[in-house]
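Commentary on secondary and tertiary structure
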Amino acid sequence: MKRSTVSDIILRNKNEDRIELRKQTGHRKVLTDREESLIIRQIKKNPRVSAPKLASEIESATGKKVHAQTIRRAIHKRGYNGRIAPKKPYVCERNRHKRLQFAKEYENKGEDWWEKALFSDESKFNVFGSDSRQMVWRKPEEKMNTKNLRPTVKHGGGNEGSIKDYFFQSVLKARLQEEWEKIPIDITKKIVHSMPCRLKEVIKQKGGPTRY
């Protein structure tokens, strides 16, 4: 028996009137720090990876069977949570540079200038229901990171594509006109007056999608 072990026993007997070790309480840690770090590296690389998939990868790498809930606890402990990926229009590299250039050119224009500007845009609308959701692992401050967004494409395929049927075109046009007329003028003014803040956000995101 080591001298240090004997010393520990003597001290326990003197200070606590016992010689045996206290029983360990709580659950035994399943994942090592190294395995937890491996999980975090994986979700940083691919925020959409699921907990069952990570459990399978841990088993392949270490031979250790781990429940998906254990994976989730390890991720939460490091400050990450599962959140719905925000839908944001896809911004290609070419358009990202254009957005950034535009924002820098007009960032110092005041509200009066923007009230005289003419705005135009095209948008994609769902006719037969909403899109499915995608979850990502992220920290609270990482919401607008490109990897944590769900890119959308205007006039994309599937039930979101261009509506060729004349009946549905007319119905959609009428519905949009009704909704447009319901928008109070102060709402549109508020959006116009927010342009300086929007441009600052574009610059902050280096031309990428913003929270607006």
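Just so we're clear, the structure is a prediction, and the values are computed from it rather than from any experiment. (Residues numbered from 1 in each chain as written. Predicted model: local features only at pLDDT ≥ 70, side-chain atom pairs only at ≥ 80, totals over all residues. Heavy atoms only, no water.)

Focus on the overall build of the protein
In terms of helices and strands, the protein carries nine helices and four strands. Counting from the amino terminus, the protein carries its helices and strands in the arrangement α-α-α-α-β-β-α-α-β-β-α-α-α. Within the span of the protein, comprising 212 residues, buried residues form 24% of the whole. Taking as baseline every contact in the protein between residues at least 6 positions apart, the subset at least 24 positions apart corresponds to 72%. For the protein, the exposed surface amounts to about 16,400 Å²; the carbon and sulfur share of it is 52%. (Helix = DSSP H or I, 4+ residues; strand = E, 2+ residues; numbered from the N terminus. Buried < 20%, exposed > 50% of the residue type's maximum accessible area, 1.4 Å probe, protein only. Contact = heavy atoms within 4.5 Å. Areas by Shrake-Rupley, 256 points an atom, 1.4 Å probe, with all protein chains shown as cover.)

Brief notes about the packing of aromatic side chains
The description of an aromatic ring pair uses the distance of the two centres, along with the angle that the planes make with each other. In this structure the tally under the stated criterion is five aromatic pairs. Relative to Y106, the ring of F102 has its centre 4.7 Å away and its plane inclined at 40°; by these criteria the two rings are tilted. Of the two residues, F102 and Y106 are both situated in helix α5 (residues 93-106); the distance of four residues between them amounts to about one turn of the helix. Ring geometry for Y106 versus W113: centroids 5.4 Å apart, planes at 35°, classification tilted. Every member of this aromatic cluster is reached through a ring pair, and the members are F102, Y106, W113, W114 and F119. (Phe/Tyr/Trp six-rings, centres within 6.5 Å; stacked < 30°, edge-to-face > 60°.)

What about the nonpolar core?
L31, I39, I43, L54, I71 and I75 are the most contacted members of the largest nonpolar core, which totals 16 residues. Excluding residues within four positions of it along the chain, I39 makes contact with L31, L54, I58, I71 and I75. Counting residues in each nonpolar core, the second largest holds six residues, with A103, W114, V192 and L199 among its members. (Core = buried A, V, L, I, M, F, W, Y, C linked by side-chain atoms within 4.5 Å.)

Section: a nonpolar patch on the surface
On the surface, a nonpolar cluster with roughly 390 Å² of combined accessible area is contributed by W180, I183, I187 and I191. Looking at the element boundaries, I187 is found in helix α8 (residues 185-193). Assessed through its relative accessible area of 37%, I187 is described here as partly exposed. (Patch = residues over 30% accessible without salt bridge, like charges linked within 9 Å, V, L, I, M, F, W, Y side chains within 5 Å. Salt bridge = Lys/Arg side-chain N within 4 Å of Asp/Glu carboxyl O.)

Digging into the side chain of E35
The topology assignment puts E35 in helix α2 (residues 33-45). Within the structure, the side chain of E35 is placed 2.9 Å from the backbone nitrogen of T32, a separation counted as a polar contact. The residues contacting E35, other than those within four sequence positions of it, are V30, I58, T62 and K64. (Polar contact = N/O pair within 3.5 Å; in protein donor to acceptor, adjacent residues only side chain to side chain.)

Quick notes on the packing of α8 against helix α9 (residues 195-204)
Here α8 crosses α9 at 45°, and the two axes come no closer than 5 Å. The pairing of α8 with α9 is recorded here as oblique in orientation. For the pair formed by α8 and α9, the contact residues are I191, V192 and H193 on the first element and M195, P196 and R198 on the second. (Axes fitted to C-alpha atoms, helices over the stretch in contact; angles between N-to-C directions. Parallel < 35°, antiparallel > 145°, perpendicular 65-115°, else oblique.)

Focus on the confidence of the model for the protein
Averaged over the protein, the pLDDT score is 81; the fraction of residues at 70 or greater is 83%. Note that pLDDT drops below 50 for residues 156-163; the model gives that stretch 13 contacts with residues more than four away or on any other chain. (pLDDT = per-residue confidence, 0-100.)

Side note on helix α4 (residues 68-77)
A68, T70, I71, A74 and I75 are the residues of α4 that are buried. In a view along the axis of α4, the buried residues occupy a sector of 160°, so they form one face of it. Among the structural elements, α2, α3 (51-62) and β3 (135-138) are those in contact with the buried residues of α4. Among the residues trailing α4, G79 stands out with phi positive, at a value near 95°. (Arc of directions from axis to C-beta.)

With respect to unusual backbone geometry
The phi dihedral of K206 is positive, around 55°, even though this residue is not glycine. By the element assignment, K206 lies in the segment after α9. What makes K206 exposed here is its relative accessible area of 57%.

Re the packing of α2 against α4
Orientation of α2 relative to α4, taken along the N-to-C sense of each, is 80°, at an axis distance of 10 Å. The angle between the axes of α2 and α4 places the two elements in the roughly perpendicular class. Every residue of α4 that contacts α2 at E36, I39, I40 and I43 is listed here: I71, A74, I75 and K77. Among the residues making up the contact of α2 with α4, the classes are represented as six nonpolar, no polar and two charged. (Nonpolar A, V, L, I, M, F, W, Y, C, P; charged D, E, K, R; others polar.)

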